[in-house]
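# Overview (structure and organization)
Below are the chains, spelled out letter by letter.
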Amino acid sequence: AAAAAAAAAVTTLIEEVEPNSEMDETGGNSAHVLSGSVYLWQTPLKLPAPFPAWLAKLLPRHSVVLAECADGSVAAFDFEPRSPESPQTAFQLLLGGSAQGRFGFKKLQRIPKQVMRVGPVQLGARVEDVTVGLNNSFNPRLALSENDCNSYSREVLSRLLAQPDSSEAGERLFSTLDGDALAQEGKAIYKEPSLLGATALVAGTTVGAGILALPAVTQPVGFVPSTLGLFLAWVYMATTGLLIAEVALAEMAASGSVATSIQSMAARTIGPVGAAVSSLAFIIVHFGLLVAYMSRGGELLVGLLPGGSAIGLPAPALFVVVFGGFVFLSKGSDALETFNNTFTLAVLLSFLTLVTLALPSADPARLLQTADWARTTEIAPTLLLSLVYHNVVPTVCAQLEGDRQKIRFAIMMGSFLPLLMFLVWNGVILAAVAPGSAADPLNALLASQSGPLAAGVSAFSLSAIVTSFIGFVVSLTDFFADALRDKKSGTAAASQVDGGLFSQTRLRDFALTLGSPLVVACYDPSLFFKAIDVAGAFGVSMLFGLLPAWMALVQRSTESPVLVQQPSLLGGYVRGPLVPGGLGVLAVVGGIALAVVAQNALELFLH
């Protein structure tokens, strides 16, 4: 329907052109005084046969600048290929080449529908002021990547508009007020956002139980190939994190409210299909990781508790009773935050202690004994899973007031610090255990040592699992609460019905969150690595790989490149892509995600 409407709009515009209104080349011989408003009119590109219509929707839209004339007519400034119906020209442009273009203006009888008013015309402006000026400065060679109708439209606007004040253009979207000062003293005091806190949030979310699986999956590949793989995985996950931030910022700028979740962004940009894909991938990631956490966490907990094996409960069930029960009783309270912060501190302290104690037994020569480059792609799911932080990106965007530079720093640095931590961890463990001596080098190190080193391994492993387990349980229970809420009931009414520690909805959400993963973990407690691999191969690849590229593609296709790259026309807020490279980068990001999914689906089918 949208394509049909756009086609109808194009037809309407052409029909409204006066009989002598063929495009006048730059430097036409009749003068036109401009007076009134300037408009921007955009439609999907029209590609000649045999190119499919869907391809045009992936490209930037065609832009035409309209300006009202003193005689009541409208001047339309356009830039198009000299041979717009030629398939050869279209093919040349789509491959990144250039073609000879023509620019000038058409005389219209009236303003067409579906246009956007940009601002007033400069006093005394004339058509010739634009066309003659562009004749001397604008490159007539048309290229989709850098010199297209959007570039031309920006040049036209700069000559036509009564220039707005661009001194307020900046990176920040809004300012945060100190809520306590406003409530207690009635004063509106600006509250500086914490860049350190946002960076720490990304870093803390990234460091989780995925790090425990690294030595086991990287040992057959070798330290050098896995190091390169980790770095490339970080580049990929940092890119997708920035893509999520780009979509979140666009939603915040357009709606005036913060973006709440990846699911809501997918529903807004892609529609019901995006919401369904993101929800399915979200459940796969969380269920898979909860199975892994229950399996390994139960094993560690039984080993640490005196007489743990004599309790009579399966190890995963004991883990759920202790830590899942605590989350159930304390969710929404300060006690849970304090508990989580304590285990987060334990992760850092035990990591430093473990590395320090393991270094004496490490042999650097072992790091170069294995280098199986052909198997590097097999460990991609675990590497991607180890670097997941993307669920907190909308929160980071809100915390940093939509400040693009700070958000970019928080995501890049907040994910880079865990990368360094992972590289150190991987190197120390692989150097401390002889290659091929055990399926899991971490377990081998734990079994071969006693005293402080063994305690450090156990403390680090359990602390990393607990911090991840808490975050995923809270996230998944919130997901079920939102997905199963009665949409017809108001928020207040729903809260009255759902209130209480042992309310039906709370019991339902925790049962859905913990029940199925617990059954699977108890059925086969050795599923830690397999669950990690499945979650990374399918859930992470779809939710944090394909989906961000898909959302960014749709978001960019609906934006106006002319306005996005001219902040003064949009209230001064700088918009546009956070990831350079255009359609090519988005295609690579989405293609890698699909390749990981296809490879692992094929392996499951063959085995």
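Residues numbered from 1 in each chain as written. Predicted model: local features only at pLDDT ≥ 70, side-chain atom pairs only at ≥ 80, totals over all residues. Heavy atoms only, no water.

## Quick look at helix α10 (residues 262-269)
For the record, the criterion: Partly exposed describes any residue whose relative accessible area lies between the buried limit of under 20% and the exposed limit of over 50%, with all areas from a 1.4 Å probe on protein chains only and scaled to the type maximum. Every helix listed is a DSSP run of H or I at least four residues long, and every strand listed is a run of E at least two residues long, numbered separately from the N terminus. Each C-beta atom gives one direction from the helix axis, and the arc is the one those directions make.
Restricting attention to buried positions, one finds in α10 the residues Ile262, Gln263, Met265, Ala266 and Thr269. One side of α10 holds all its buried residues, which, seen down the axis, span an arc of 165°. The first or second residue beyond α10 is glycine 271, which carries a positive phi of 105°.

## Re the environment of asparagine 150
Relative to the helices and strands, asparagine 150 is located in helix α5 (residues 149-160). The spatial distance from the C-alpha of asparagine 150 to the C-alpha of glutamine 42 is 9.6 Å, given a sequence separation of 108 residues.

## Notes on unusual backbone geometry
Residue proline 50 follows alanine 49 across a cis peptide bond; omega there is 10°. One can find proline 50 in the loop between β2 (34-43) and α2 (53-57). The phi dihedral of glutamate 401 is positive, around 60°, even though this residue is not glycine. Mapped onto the elements of the fold, glutamate 401 is located in the loop between α15 (393-399) and α16 (404-432).

## Side note on the side chain of asparagine 147
Our working definition: For the purposes of these results, a polar contact is taken to be a pair of N or O atoms within 3.5 Å, where, inside protein, one atom must be able to donate a hydrogen and its partner to accept one; residues adjacent in sequence count only when each atom of the pair is a side-chain atom. By definition in these notes, contact holds between two residues if any of their heavy atoms fall within 4.5 Å.
You can see asparagine 147 is positioned in the loop between β7 (141-142) and α5. At 2.8 Å, the side chain of asparagine 147 forms a polar contact with the backbone oxygen of asparagine 139. Here arginine 141 takes part through its backbone oxygen, which lies 2.6 Å from a polar atom of the side chain of asparagine 147. Discounting residues that sit within four places of it in the chain, asparagine 147 has contacts with Phe79, Phe138, Asn139, Arg141 and Leu142.

## Thoughts on a nonpolar patch on the surface
Stated formally: Patch building starts from residues that exceed 30% relative accessible area and form no salt bridge, then joins like charges within 9 Å and nonpolar side chains (Val, Leu, Ile, Met, Phe, Trp, Tyr) within 5 Å. Computed with a 1.4 Å probe, the accessible areas rest on the Shrake-Rupley method; for each residue, only the protein chains presented here act as cover. Salt bridge, as used here, is a side-chain nitrogen of Lys or Arg placed within 4 Å of a carboxyl oxygen of Asp or Glu.
Judged by side-chain polarity, Val224, Leu228, Phe231, Leu232, Val235, Leu368 and Trp373 come together as a nonpolar surface patch covering roughly 660 Å² of accessible area. Looking at where valine 224 falls in the secondary structure, it is placed in helix α9 (residues 223-255). On the accessibility criterion, valine 224 (35% relative accessible area) is partly exposed.

## Re helix α18 (residues 452-483)
What counts here: In this analysis, the expected span of each helix is defined as 1.5 Å times one less than the number of residues it contains.
When the terminal C-alpha atoms of α18 are compared, their 46 Å separation across 32 residues agrees well with the 46 Å that a helix rising 1.5 Å per residue should span. Across the 32 residues of α18, 23 count as buried, placing the element largely inside the fold.

## Some details on the packing of helix α13 (residues 334-358) against α18
This is how the line gets drawn: Every axis corresponds to a line fitted to the C-alpha atoms, with the helix fit spanning only the stretch in contact, and the corresponding angles, defined between N-to-C directions, vary from 0 to 180 degrees. In this scheme the handedness of a crossing depends on how the near helix is turned from the far one: anticlockwise by less than a right angle means left-handed, clockwise means right-handed. In this classification, Asp, Glu, Lys and Arg are treated as charged, Ala, Val, Leu, Ile, Met, Phe, Trp, Tyr, Cys and Pro as nonpolar, and every other residue, Gly included, as polar.
Look at α13 against α18: their axes get within 8 Å of each other, and the N-to-C directions meet at 145°. Pair α13 / α18 crosses with left-handed handedness. Between α13 and α18, the contacting residues are Leu336, Phe339, Asn340, Phe343, Thr344, Ala346, Val347, Ser350, Phe351, Leu354, Leu357 and Ala358 on the first element and Pro452, Leu453, Gly456, Val457, Ala459, Phe460, Ser463, Ala464, Val466, Thr467, Ile470 and Val474 on the second. Split into classes, the residues belonging to the contact of α13 with α18 amount to 18 nonpolar, six polar and no charged.

## Some remarks on the packing of aromatic side chains
Pairs of aromatic rings are described using the distance from one ring centre to the other and the angle between the two planes. Definition in use: Stacked, tilted and edge-to-face pairs are distinguished by plane angle, under 30 degrees for stacked and over 60 for edge-to-face with tilted covering the rest, among Phe, Tyr and Trp rings (Trp via its six-membered ring) whose centres lie within 6.5 Å.
Counted according to the given criterion, the structure contains 13 aromatic pairs. On the numbers, 5.0 Å between centres and 75° between planes, the contact of phenylalanine 319 with phenylalanine 469 is edge-to-face. Of the two residues, phenylalanine 319 is situated in helix α12 (residues 315-330) and phenylalanine 469 in helix α18; the sequence distance between them amounts to 150 residues. By relative accessible area, which is 0% here, phenylalanine 319 ends up buried.

## Some points on the pattern of salt bridges
Following the criterion strictly, the structure yields eight salt bridges and no others. With a shortest N-O distance of 3.3 Å, arginine 375 and glutamate 378 are connected by a salt bridge. A salt bridge links aspartate 509 to arginine 508; its shortest N-O distance comes to 2.9 Å. Since its relative accessible area comes to 7%, aspartate 509 is described here as buried.

## Brief notes about the nonpolar core
Filter applied, for reference: Here, the term nonpolar core denotes a set of buried Ala, Val, Leu, Ile, Met, Phe, Trp, Tyr and Cys residues that are joined through side-chain atoms within 4.5 Å.
Of all hydrophobic cores here, the largest spans 102 residues; its most connected members are Phe460 and Phe469. If sequence neighbours within four positions are ignored, phenylalanine 460 has contacts with Ile211, Leu212, Val347, Ser350, Phe351, Leu354, Met421 and Trp425. Counting residues in each nonpolar core, the second largest holds 26 residues, with Leu34, Val38, Leu142 and Tyr152 among its members.

## Things to note about the environment of alanine 459
Relative to the helices and strands, alanine 459 is located in helix α18. On the basis of relative accessibility, which here comes to 35%, the residue alanine 459 falls in the partly exposed class. For the pair alanine 459 and alanine 346, spaced 113 residues apart in sequence, the C-alpha to C-alpha distance is 7.6 Å.

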